[in-house]
Amino acid sequence: MMSNLKLSASVFPGIVFFSCLLLYLYSTLLPFYTSSPTESRNSQTPSLFAFSSSRPQPQCNLFHGNWVEDPSRKPIYDETCPFHRNAWNCLRNKRDNMDRINSWRWVPSECDLPRTDPARFLGLMRNRRIGFVGDSLNENFLASFLCILRVADAGAKRWKKKGAWRGAYFPKFNVTVGYHRAVLLAKYEWQPKQSALSDQDGQEGVYRVNVDTPADDWVNITDFYDVLIFNTGHWWSLDKFPKEKPLVFYKAGKPILPLLGMHDGFKVVVKNMASYIQKTVPSKTLKFWRLQSPRHFYGGDWNQNGSCLLDKPLEESQLDLWFDPSNNGVNKEARQLNLLIEEALQGTDIQLLDLTHLSEFRADAHPSIWLGKQDAVAVWGQDCMHWCLPGLPDTWVDILSEQIRYRFERE
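Owing to the predicted nature of the structure, the values given are computational and were not obtained by experimental measurement.

Draft legend 1. Geometry of the packing of helix H6 (residues 262–280) against helix H8 (residues 333–344). Following both chains from N to C, one finds H6 and H8 inclined at 35°, their axes separated by 9 Å at the closest point. In the crossing of H6 with H8, the sense of the turn from one axis to the other is right-handed. Taken together, the residues of H8 that come into contact with H6 (itself represented by His 263, Phe 266, Lys 267, Val 270 and Lys 271) are Gln 336, Leu 337, Leu 340, Ile 341, Glu 343 and Ala 344. Looking at the contact of H6 with H8 residue by residue, the class counts come to 6 nonpolar, 2 polar and 3 charged.

Structure below.
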C-alpha cells in the first residue's frame with residue numbers, strides 16, 4: 001500500500017508537467033492551422049474590391065453594366081448651383097424630360113455603384129487638390145463635380161489660380177478643385193501664310209503643334225494637385241482645323257516629316273504628353289486619362305441639322321450601329337480615338353477612366369435645343385455633344401469618386 005502511494009506521488013508531477021506541455025503546444029500551434037471567425041467569413045464571401053500594393057484597383061469593373069430606370073432617383077443639386085454653365089443648365093433652360101433623364105441609374109454588371117457622398121468624399125480629400133485638364137467635356141465633368149461637392153459645403157467659393165480656367169475652393173475641408181483648359185494638351189499657335197510649310201493654294205496658314213511641349217495652361221501645375229484627370233479629343237477634327245487652317249506637328253523645334261495627318265498627329269501628341277506626365281508629375285499623384293465622351297447626332301452632323309431629340313437611352317443592340325467606325329457614321333470618332341489613346345498610354349501608370357461605353361447609351365441626355373439662348377440653335381446647331389446638368393456626368397462623378405476612394409482610404 002505504501003509502495004503504491006510512493007509510486008503515485010512520484011508519477012503525478014510528471015503527468016501534470018506533460019499535460020501542461022501539451023496545452024502549451026496546442027495553444028501555440030493552433031493559429032497556424034485554424035482561422036478566426038472573421039477570416040472564415042471573409043474567405044466564404046468574395047471581396048468586392050481587390051487592391052495592389054501600389055495602385056489599388058477595383059476587382060469589379062465599374063465601366064460595364066446597364067442602365068436601370070428608377071423613378072425614385074433624384075439629383076442632389078438643382079439649377080441654383082453657382083458652378084453651372086448656362087448652356088448645360090437644363091433645369092433652368094426648361095429642357096423637356098429632365099425627371100426621366102435623371103431617373104436612370106447605372107448598374108455595373110458585378111457590383112453596386114454607390115452615389116457620391118459629398119461630405120464623406122471631401123472629408124477623405126481634406127487638405128488635398130484635384131485638377132481637370134483638357135477640353136470642354138472635362139469642364140462639363142468638372143461642373144457636375146463642383147455642384148455635387150457643394151452640397152456638403154455651401155460656402156464653396158470660385159477659384160481661378162495657377163492658370164485655372166475655373167474651379168472652386170471648399171473652405172470647410174480645405175479642398176481645391178480646378179479646371180485647366182488645354183484642348184489639345186500640347187502647346188499650339190497660329191502661324192500665318194508666310195510659313196514655308198503653308199504654301200499650298202487655299203491655305204490661310206497653319207496651326208503649329210509642339211507635340212513635346214504642354215500647353216501653358218497646365219505646364220506649371222504638375223506638382224500642385226494630388227489627383228489629375230486628363231483628356232483631349234473633341235477638337236481633333238476638320239471642323240476645328242479645316243484644310244485651310246491645318247495642324248502641322250513639330251518636335252524638338254522641327255517639323256515632323258512627312259507631315260502627319262490628324263489621327264497620326266493625335267497619337268503622337270498623346271504619347272508625348274503621357275511621357276511628360278510620367279516624368280514631371282510626382283509618382284504619388286493619382287493620374288487618370290478620361291476616354292472619349294460620345295456624341296449622339298442623328299440625321300447629320302452638328303452643322304448638317306443633326307439632332308438628339310430622343311426620350312430614352314439607346315438599347316445595347318443599337319450601339320454598334322451608332323458608334324462602330326466600320327459603319328462610318330458621324331459619331332464614330334470616340335471609339336477611333338480611344339484605340340489610339342489606349343495604345344499610347346501603355347507602359348504608364350496613368351489609369352484609364354473608361355466612361356465611353358456607359359455614355360454611349362445616353363442619347364437622351366444632351367442639352368439638344370435647350371441651350372439657354374434664343375438664337376443658339378440657329379447659330380451652333382443642337383448640342384448633342386455636351387451633357388445636361390444634372391445628368392449623366394453625375395454618374396461619371398460617382399465612378400471617379402469611387403476610384404479616388406480606393407486609393408486614398410488605403411494610404
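From this point, the narrative continues.
Draft legend 2. Expanded view of the state of the cysteines. One pass over the structure, following the stated rule, counts 4 disulfides. Put simply, Cys 90 and Cys 388 are joined by a disulfide, and their sulfur atoms are 2.0 Å apart. Across the disulfide from Cys 90 to Cys 388, rotation about the S-S bond amounts to roughly -80°, and the bridge is consequently left-handed. Note that Cys 90 is positioned in the loop between strand S1 (65–69) and helix H3 (98–101) and Cys 388 in the loop between helix H10 (376–380) and helix H11 (392–408), a separation of 298 residues in sequence. Looking at Cys 388, the relative accessible area reads 0%, which means it is buried. Between the sulfur atoms of Cys 308 and its disulfide partner Cys 384 the distance amounts to 2.2 Å. Taking the torsion about the S-S bond as the criterion, the Cys 308 to Cys 384 disulfide, at about -90°, is left-handed.

Draft legend 3. Broad picture of the pattern of salt bridges. Considering all chains together, one arrives at 18 salt bridges under this definition. Glu 139 serves as the salt-bridge partner of Arg 85, at 2.9 Å between the closest nitrogen and oxygen. Of the two residues, Arg 85 is situated in the loop between S1 and H3 and Glu 139 in helix H5 (residues 136–150); the sequence distance between them amounts to 54 residues. Overall, Arg 85 belongs to the partly exposed group, its relative accessible area being 36%. Residues Lys 245 and Glu 204 are paired through a salt bridge, measuring 3.7 Å at the closest nitrogen-oxygen approach. Residue Lys 245 is found in the loop between strand S9 (227–230) and strand S10 (247–251), and its partner Glu 204 is found in the loop between strand S7 (186–192) and strand S8 (205–214); the two are separated by 41 residues along the sequence. A single salt-bridge network, built from bridges that share partners, covers Arg 120, Glu 402, Arg 405, Glu 409 and Arg 410.

Draft legend 4. Local environment of the packing of aromatic side chains. Applying the stated rule across the entire model yields 21 aromatic pairs. On the numbers, 6.3 Å between centres and 75° between planes, the contact of Trp 387 with Trp 396 is edge-to-face. In terms of burial, Trp 387 and Trp 396 fall into one category: buried. Members of the aromatic cluster, connected to one another through ring pairs, are Phe 121, Phe 132, Phe 141, Phe 145, Trp 387 and Trp 396. The lysine or arginine in question, Arg 129, covers the ring of Phe 224, its NZ or CZ lying 4.0 Å from the ring centre.

Draft legend 5. Region of interest: H5. With 15 residues, H5 extends 21 Å between its outermost C-alpha atoms, agreeing within 8% with the 21 Å of an ideal straight helix rising 1.5 Å per residue. Sitting at the head of H5, Asp 135 places a side-chain oxygen 3.0 Å from the backbone nitrogen of Leu 137.

Draft legend 6. Examining the sheet that holds S7 more closely. Overall, mixed pairing links the 4 strands, which are arranged S7-S8-S10-S11 in an open sheet. The sheet is open, and its two borders are formed by S7 and strand S11 (254–255), each paired with just one other strand. In this fold H6 packs onto S7, S8 and S10, with an angle of close to 30° to the strand it touches most, S8.

Draft legend 7. Seen up close, unusual backbone geometry. A cis amide bond links Leu 257 to the next residue, Pro 258, at an omega of -5°. A cis amide bond links Leu 389 to the next residue, Pro 390, at an omega of -5°. Here Pro 390 is to be found in the loop between H10 and H11. We note that Lys 162 has phi near 55°; this positive angle belongs to a residue other than glycine.

Draft legend 8. Just the environment of Ser 237, in detail. By secondary structure assignment, the location of Ser 237 is in the loop between S9 and S10. Taking the C-alpha atoms as reference, Ser 237 lies 7.3 Å from Met 262; in sequence the two are 25 residues apart.

Draft legend 9. Molecular detail of empty space enclosed by the protein. Tallying each qualifying case throughout the model produces 2 cavities of 30 Å³ or more. In this structure, the largest cavity encloses a volume near 90 Å³. In terms of lining, the largest cavity is formed by 13 residues, of which the most central are Arg 73, Asn 102, Trp 104, Gly 391 and Thr 395. With 3 residues, H11 is the largest single contributor of residues to the lining of the largest cavity.

Draft legend 10. A look at the side chain of Glu 360. Secondary-structure assignment places Glu 360 in helix H9 (residues 356–360). One polar contact links Glu 360 to Arg 335, side chain to side chain, over a distance of 2.9 Å. With residues near it in sequence (within four places) discarded, Glu 360 still touches Pro 294, His 296, Leu 314, Leu 319, Phe 323 and Arg 335.

Draft legend 11. Molecular detail of H6. Taking 1.5 Å per residue as the helical rise, H6 with its 19 residues ought to reach 27 Å, and the 27 Å between its terminal C-alpha atoms agrees with that figure. Those residues of H6 that sit buried are Met 262, Gly 265, Phe 266, Val 269, Val 270, Asn 272, Met 273, Ala 274, Tyr 276 and Ile 277. Looking at the buried positions of H6, the neighbouring elements they touch are S7, S8, S9, S10, strand S12 (286–290) and H8.

Draft legend 12. Just the packing of H5 against H11, in detail. Where H5 meets H11, the axes come as close as 9 Å, and the angle between the chain directions of the two elements is 75°. The angle between H5 and H11 places the two elements in the roughly perpendicular class. Mapping the contact onto sequence places Leu 137, Asn 140, Phe 141, Ser 144, Phe 145 and Ile 148 in H5 and Pro 393, Asp 394, Trp 396, Val 397 and Leu 400 in H11. Residues that form the contact of H5 with H11 fall into these classes: 8 nonpolar, 2 polar and 1 charged.

Conventions adopted
Throughout, a residue's number is its position along its own chain's written sequence, starting from 1. A pLDDT threshold of at least 70 governs which residues receive local features in this predicted model, and a stricter bar of 80 or more applies before side-chain atom pairs are shown or counted, although totals over entire chains, interfaces and linings include all residues. To obtain the side-chain values, all non-hydrogen atoms of the structure were included, while hydrogens and water were left out. Each axis is a line fitted through C-alpha atoms, and for a helix only the stretch in contact is used; angles between axes span 0 to 180 degrees, taken between their N-to-C directions. Numbering of helices and strands runs from the N terminus; a helix is a DSSP stretch of H or I covering at least four residues, while a strand is a stretch of E covering at least two. Here a crossing is called left-handed whenever its near helix is offset anticlockwise from the far helix by less than a right angle, and right-handed whenever the offset is clockwise. We call two residues in contact when some of their heavy atoms are within 4.5 Å. Three classes are used: nonpolar for Ala, Val, Leu, Ile, Met, Phe, Trp, Tyr, Cys and Pro, charged for Asp, Glu, Lys and Arg, and polar for all others, with Gly counted as polar. For this text, the term disulfide refers to a pair of cysteine sulfurs within 2.5 Å. Exposure classes here rest on a 1.4 Å probe applied to the protein chains alone. A residue is buried below 20% of its type maximum, exposed above 50%, and partly exposed in between. The working definition used for a salt bridge is a side-chain nitrogen of Lys or Arg within 4 Å of a carboxyl oxygen of Asp or Glu. Any two of the Phe, Tyr and Trp rings considered here, Trp counted by its six-membered ring, make a pair once their centres fall within 6.5 Å; the pair's planes then place it as stacked at under 30 degrees, edge-to-face at over 60, or tilted in between. Only when the NZ atom of a Lys or the CZ atom of an Arg is both within 6 Å of the ring centre and within 35 degrees of the ring normal do we say a charge sits over the ring. To estimate how far a helix should reach, multiply one less than its number of residues by 1.5 Å. We define a polar contact as two N or O atoms separated by no more than 3.5 Å, with the added condition that, inside protein, one atom must be a possible hydrogen donor and the other a possible acceptor, whereas residues neighbouring each other in sequence contribute only through side-chain atom pairs. A strand pair is defined by DSSP finding two or more bridges across the two strands. A cavity here means a set of points on a 1 Å grid, drawn over the protein atoms and nothing else, where a 1.4 Å probe fits but cannot get out; a pocket is an open set with protein on both sides within 12 Å along at least five of seven lines, and a residue lines either one if it has an atom within 4 Å of a point. Grid points are joined across faces, edges and corners, and a volume is the space filled by probe spheres set on the points. Angular relationships are summarised with four words: roughly parallel below 35 degrees, roughly antiparallel beyond 145, roughly perpendicular across 65 to 115, and oblique for the angles in between.

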